[in-house]
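Residue-level listing of the chains:
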Amino acid sequence: MALPQSAYKDRQFLAVIGDEDSVTGVLLAGVGHVTDPPDSQKNYLVVDPKTENSTIEATFDRFTKERKDIAILLINQHIADRIRHRVDAYNEAFPSLLEIPSKDHPYDPEKDSVMKRVRKLFGE
Amino acid sequence: MSGAADREPVFATRQSLGLMKSKLKGAQVGHDLLKRKSEALTKRFRDITRRIDEAKRKMGRVMQIAAFSLAEVSYAIGGAGIGYQIQESVKSAKLRVRTKQENVSGVFLPQFESFQTEGGSDFAMTGLGKGGQQVQRCRETYTRAVETLVELASLQTAFVILDEVIKVVNRRVNAIEHVIIPRTENTIKYINSELDELDREEFFRLKKVSGKKERAAAAEEVKRQAANKAGTDKENEIDEHSVERHDVLGDQDNEDVIF
Amino acid sequence: MELQLQTVHSSTSPNLYRAISPSSITFSMSEGLFYNVANGYVEGIIRGYRNTLLTGQQYGNLTQCENIDDVKLQLGPAYGDFLAALPPNPPTSALADKALDKLVAEFRYIQANATGSLAKFMEYLTYGYMIDNVALLITGTLHERDTRELLERCHPLGWFETMPVLCVATNIEELYNSVLIETPLAPYFKGSLSHQDLDELNIEIIRNTLYKNYLEDFYNWVNTHPEVAGTPTAEVMSEALEFEADRRSINITLNSFGTELSKQDRKKLYPNFGKLHPEGTLMLSRAEDPEGVRIAVDGVHDYRTFFDATGMGQSGGSGVGNMAGGAGDEGKSLEDMFYQKEVEISKLAFTRQFTHAVVYAWVKLKEQEIRNITWIAECIAQNQKDRIGNYISVF
């Protein structure tokens, strides 16, 4: 029942998709990482109201599917709402997906996809 | 051999009966064990779920405090935030996670653990002239917040994996309980009934054979007696009595035909 | 003579008549006589603006608000049209942006009406913001970002005509050789930063080097320009700039602990004037911990008081940053003390007449007001009411 070690051995980064303040804060904590050139890949995405949903989705897919070095993906809840179908459909153990509150949007457990599953399981 | 009763396609032999019996026993033991495992995991799962619930709420508070410390930074620096500069100064991650495994009832649950890499922060000099202290404090606050998030991520991953594992285990428990055990029992019943049937047939056949043998012996006797008609009548009478005694199968009526 | 003039005019009266009343003529120097010819209107306006600053009463009302909409409503009289475009319950940053817009609009109006040395003075005021903007653009260019996007992020007061041109540069050398030279900040680059430095040095060092050069230049200007030197402007501004210089020196020292900034490099960032200069800054350059900083500033009464009040540099004292150590700690931080002092200096500037310094003071007070509003709004938005009182009221 053990997962193959390769599933998480190289996963050591956190990634974040969020509004400017959330990203800034998390980056301040030192999670930011830019891979070596030429294909400098950042592990964060700043979303402002002008950012297209498709960009968010593409980044979400890149962090969850393509990159094998991300252990945890943080995403602002109000941004997760914009791509809710993707977030709800996401079911993998790695990377772990966490919905975090942002400054202007307090945390709402009702919307969290994991919390939804929790409630569904206990039939509440 | 009808398909109504679900059972294994076996020949009804004593050997396969033995096999089936040991299989049933195995299935029952397996069922008990899995049931216990499932219970243990479910207990753990509920525990984790409760902790996730708590941790998520805690995260709400922690993140709020962290966001607030960022507000302090913008208060100290005044006007335009430091966001852009921070984003652009990112080089390599100082705060990373490593994954450990924890064994819960035979299930390996990954545990994230955050650690700081060597070397100074990319942002040590941010706000050098103004607001630097706030920036440093904000950094500490967010580091703590991220650590909380990492813990939560561990729980959540455990949740996802356990959810999956429990589903598998329960599926197995149910399969054993509702498919394998009844089927094995059915098979045993079938083998037993087949074997009983065979027993009866065998018995009947033996009976028949012995009847036949007796009749043959009797006919022989009659012939012999006929040949020795000259013998005593007394002897004949005794023989008739003995035939009547042996005729447990109730075919006295046939006697006339034979004679 | 100056002192008497001060006592005659109360801080709140932008009364221009008294300036030319017989008694004033007798006592004031000639600059007082002619100041109003060129700058009287502007000074009057500034004093008017000053009177629109939020009062303690208004701050009291603001802190009672339940949500951002209430805050908006309370700010209505002071900010009026500027807040009208905001959506219901706007994010605090939007609120701050709009408040800043008002400051900028007023500043532009004053600037448009300023002539002669006042115009130059106001230009000097904008240089500080320009430094931040240029630092931002340099960061962008270094990382090969589309710098055009960055223009939106620039501080509007630090806007200069050739700024969009900066975006043309695609690498640092180009930026340095052909573009930065055209900006008003060119003299501050000259001599202290080469284009290699832009590439290699931390942007914070560049920023602080520029700022040091700027402060020194400004200080030099107010004390040597024929129209300004010897006037109340020079007097008030010297004090304000000295304070600013000292504040930066102290902050840089405190913030450099635990970073790779060497003591030699650190010393280069201290402005070469101020109350701490030269002994204090020399000691600062040698300081290795907050205790060292405290000893360095011991000679200046104000700063010593700050350090004593915050308990910094003493054993157990840890409250370095704003609001000293998070919730529950009532003590003020050093930064708070500095802001408080800045407000005091600015407030006192209004007790003087015939001086450009009121513009400086007004800008500083207004900025503090915006910070206060943002702070209060932030506290309300994030339910941190227990610390809402940490703003610095002007009146």
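Residues numbered from 1 in each chain as written. Chains lettered and ligands numbered in written order. Predicted model: local features only at pLDDT ≥ 70, side-chain atom pairs only at ≥ 80, totals over all residues. Heavy atoms only, no water.

The name an unreviewed UniProt entry gives chain B is H(+)-transporting V1 sector ATPase subunit D, with Zalaria obscura as the organism.

Under an unreviewed UniProt entry, chain A has the name H(+)-transporting V1 sector ATPase subunit F and belongs to Zalaria obscura.

Engineer: When you look at the overall build of chain B in this model, what are you seeing that I'm missing?
Structural biologist: Each helix and strand in chain B was counted, giving 5 helices and 2 strands. Listed N to C, the secondary structure of chain B is α-α-β-β-α-α-α in terms of helices and strands. For chain B, the proportion of its 259 residues judged to be buried stands at 42%. Summarising the internal contacts of chain B: among those between residues at least 6 apart in sequence, 76% fall at separations of at least 24. Carbon together with sulfur atoms contributes 53% to the accessible area of chain B, which is approximately 14,800 Å² in total. (Helix = DSSP H or I, 4+ residues; strand = E, 2+ residues; numbered from the N terminus. Buried < 20%, exposed > 50% of the residue type's maximum accessible area, 1.4 Å probe, protein only. Contact = heavy atoms within 4.5 Å. Areas by Shrake-Rupley, 256 points an atom, 1.4 Å probe, with all protein chains shown as cover.)

Engineer: I would appreciate a short explanation of the environment of K212 of chain B in the present structure.
Structural biologist: One can find K212 of chain B in helix α3 (residues 132-227). It is 89 Å that separates the C-alpha atoms of K212 of chain B and V150 of chain B, two residues lying 62 residues apart in sequence.

Engineer: Any chance you could explain the pattern of salt bridges here in plain terms?
Structural biologist: Opposite charge on two side chains permits them to pair, given that their charged atoms come into close proximity. Residue and element names in this part refer to chain A. For the structure on display, the rule yields 38 salt bridges over all chains. A salt bridge links R84 to D88; the shortest N-O distance between them is 3.6 Å. A residue pair is termed a helical-turn pair when its members lie 3 or 4 positions apart in one helix, as R84 and D88 do in helix α4 (residues 84-89) at 4 residues. Among the residues examined, D88 registers a relative accessible area of 36% and is labelled partly exposed. (Salt bridge = Lys/Arg side-chain N within 4 Å of Asp/Glu carboxyl O.)

Engineer: Sorry if this is basic, but what is going on with the packing of aromatic side chains here?
Structural biologist: Both the distance between ring centres and the angle between the ring planes are used here to describe each pair of aromatic rings. Per the counting criterion, the structure on display carries 24 aromatic pairs over all chains. With centroids separated by 6.0 Å and ring planes inclined at 75 degrees, the aromatic side chains of F60 of chain A and Y90 of chain A adopt a geometry described as edge-to-face. Of this pair, F60 of chain A sits in helix α2 (residues 53-66) while Y90 of chain A sits in the loop between α4 and β4 (96-100), placing them 30 residues apart in sequence. Classification of Y90 of chain A by relative accessible area gives buried; the value is 15%. When the centroid spacing of 5.2 Å and the interplanar angle of 25 degrees are considered together, the rings of Y49 of chain C and W362 of chain C count as stacked. Separated by 313 residues along the polypeptide, Y49 of chain C in helix α3 (residues 30-51) and W362 of chain C in helix α21 (residues 357-381) bring together distant segments of the chain. Ring pairing ties together the aromatic residues F121, Y124, Y127, Y188, Y211, Y214, F218 and W221 of chain C, which thus form one cluster. One residue, R50 of chain C, lies across the ring of F350 of chain C, its end atom 5.1 Å from the ring centre. Stacked on the ring of Y79 of chain C, the Lys or Arg K102 of chain C has its end atom at 5.0 Å from the ring centre. (Phe/Tyr/Trp six-rings, centres within 6.5 Å; stacked < 30°, edge-to-face > 60°. Lys NZ or Arg CZ within 6 Å of the ring centre and 35° of its normal.)

Engineer: Before we go on, may I ask you to explain the interface of chain C and chain B in this structure?
Structural biologist: In many analyses, interface size is given as the accessible surface area lost on bringing the parts together. Opposite the 47 residues of chain C that make contact, chain B presents 26 residues. For the pair chain C and chain B, the two sides together bury roughly 3,100 Å², of which 54% comes from carbon and sulfur. In this assembly, chain C and chain B are joined by 1 salt bridge. In this structure, R387 of chain C and E72 of chain B form a salt bridge, with 2.2 Å as the shortest nitrogen-oxygen distance. At the level of elements, α8 (116-142), α14 (203-224), α15 (232-256), α20 (334-349) and α21 of chain C are the ones that each hand at least two residues to the side of chain C that touches chain B. Considering every element that reaches the side of chain C that touches chain B, the biggest residue donor is α15 of chain C, with 7 residues. (Buried area = accessible area lost by both parts, 1.4 Å probe.)

Engineer: Before we go on, may I ask you to explain the side chain of E367 of chain C in this structure?
Structural biologist: Residue and element names in this part refer to chain C. Tracing the backbone shows E367 in helix α21. One buried charged residue, E367, remains without a salt bridge, the closest side chain of opposite sign being K364 at 4.1 Å. Aside from chain neighbours lying at most four places away, what touches E367 is L103, Y129 and H155. (Lys, Arg positive; Asp, Glu negative; His and termini not counted.)

Engineer: Explain the packing of α14 of chain C against α15 of chain C to me, please; I cannot follow it from the model alone.
Structural biologist: Packed helix pairs are characterised by how far apart their axes lie and by the angle those axes make with each other. Residue and element names in this part refer to chain C. With their axes 9 Å apart at the nearest point, α14 and α15 run at an angle of 160 degrees to one another. By the angle class used here, α14 and α15 are roughly antiparallel. The two elements α14 and α15 meet at a crossing, and its hand is left-handed. Each of N208, Y211, L215, F218, Y219, V222 and N223 in α14 lies in contact with α15, whose residues at this interface are A234, M237, S238, L241, E242, E244, A245, R248 and I252. Within the contact of α14 with α15, the residues separate by chemical class into 10 nonpolar, 3 polar and 3 charged. (Axes fitted to C-alpha atoms, helices over the stretch in contact; angles between N-to-C directions. Parallel < 35°, antiparallel > 145°, perpendicular 65-115°, else oblique. Left-handed = near helix turned anticlockwise from the far one by under 90°. Nonpolar A, V, L, I, M, F, W, Y, C, P; charged D, E, K, R; others polar.)

Engineer: Hey, could you run me through helix α5 (residues 68-79) of chain C in this one?
Structural biologist: The periodicity of an α-helix, 3.6 residues per turn, causes residues three or four places apart in sequence to face the same way. All names here are of chain C. The end-to-end C-alpha separation of α5 is 14 Å, well short of the 16 Å expected for 12 residues at 1.5 Å each. By the burial criterion, the buried members of α5 are I68, V71, K72, L75, A78 and Y79. Within α5, the buried residues cover an arc of 100 degrees as seen down the axis, which keeps them to one side. In α5, the exposed residues that point more than 90 degrees away from the buried face are L73 and P77. As for α5, its buried residues are in contact with α4 (56-63), α6 (81-84), α7 (92-113) and α21. (Expected span 1.5 Å × (residues − 1). Arc of directions from axis to C-beta.)

Engineer: What is the right way to look at the confidence of the model for chain B in this model?
Structural biologist: Parts of the prediction with low pLDDT should not have their coordinates interpreted in detail. Residues and elements named next belong to chain B. The predicted model of chain B has a mean per-residue pLDDT of 80, with 83% of residues at 70 or higher. No element of chain B has a lower mean pLDDT than helix α5 (residues 254-258), at 52, and none a higher one than α3, at 88. With a pTM of 0.77, the predicted complex shows an ipTM of 0.84. (pLDDT = per-residue confidence, 0-100.)

Engineer: Help me out: how do you make sense of the environment of A153 of chain B in this one?
Structural biologist: All names here are of chain B. With respect to the helices and strands, the residue A153 is situated in helix α3. A153 sits in the buried class, given a relative accessible area of 0%. Sequence separation of A153 and A55 is 98 residues, and the distance between their C-alpha atoms is 9.7 Å.

Engineer: Even after reading the chapter, I still don't get the nonpolar core, so can you show me in this structure?
Structural biologist: Most often, soluble globular proteins keep nonpolar side chains buried together rather than apart. In this structure, I138, F189, F218 and I250 of chain C are the most contacted members of the largest nonpolar core, which totals 124 residues. The element best represented in this core is α21 of chain C, accounting for 15 residues. Here F189 of chain C is in contact with V134, I138, Y176, L180, L198 and L210 of chain C, once residues within four sequence places are set aside. In this structure, I72 of chain A together with A27, V146 and L162 of chain B belong to the second largest nonpolar core, which totals 74 residues. (Core = buried A, V, L, I, M, F, W, Y, C linked by side-chain atoms within 4.5 Å.)

Engineer: Sorry, what's going on with the sheet that holds strand β2 (residues 44-46) of chain A here?
Structural biologist: Two pairing modes exist for strands in a sheet, parallel and antiparallel, and in both the strands are linked by backbone hydrogen bonds. Residues and elements named next belong to chain A. The strand order β2-β1-β3-β4 describes an open sheet built from 4 strands, whose pairing is parallel. Each having just a single partner strand, β2 and β4 make up the two edges of the open sheet. Averaged over all neighbouring strand pairs, the angle between strand axes comes to 20 degrees, with direction disregarded. (Pairing = 2+ DSSP bridges.)

Engineer: Is there a simple way to explain the interface of chain A and chain B in this structure?
Structural biologist: Listed by partner, the interface residues are 46 residues for chain A and 51 residues for chain B. Here chain A is connected to chain B by 9 residue pairs in polar contact (both at pLDDT 80 or more). Contributions of two or more residues to the side of chain A that touches chain B are made by β1 (13-18), α1 (20-28), β2, β3 (70-76), β4 and α5 (113-121) of chain A. Per element, the largest residue contribution to the side of chain A that touches chain B is 7 residues, and it comes from α1 of chain A. In terms of residue class, the side of chain A that touches chain B is built from 30 nonpolar, 8 polar and 8 charged. (Polar contact = N/O pair within 3.5 Å; in protein donor to acceptor, adjacent residues only side chain to side chain.)

Engineer: I tried to follow the environment of E88 of chain B on my own but got confused; where do I start?
Structural biologist: You can see E88 of chain B is positioned in helix α2 (residues 83-89). Spatially, the C-alpha atom of E88 of chain B lies 67 Å from that of L24 of chain B, the residues being 64 residues apart in sequence. Not counting residues within four places of it along the chain, the set of residues in contact with E88 of chain B comprises T139, H143 and R145 of chain C.

Engineer: What exactly am I supposed to notice about the pairing of strand β1 (residues 95-104) of chain B here?
Structural biologist: Consecutive residues of a regular strand have side chains that alternate between opposite faces of the sheet. All names here are of chain B. Where β1 and strand β2 (residues 107-116) come together, 10 bridges link them in antiparallel fashion. The partner of Q101 across the bridge, within β2, is P110. The antiparallel hairpin formed by β1 and β2 contains 2 residues in its connecting segment, where S105 sits at a positive phi of about 45 degrees.

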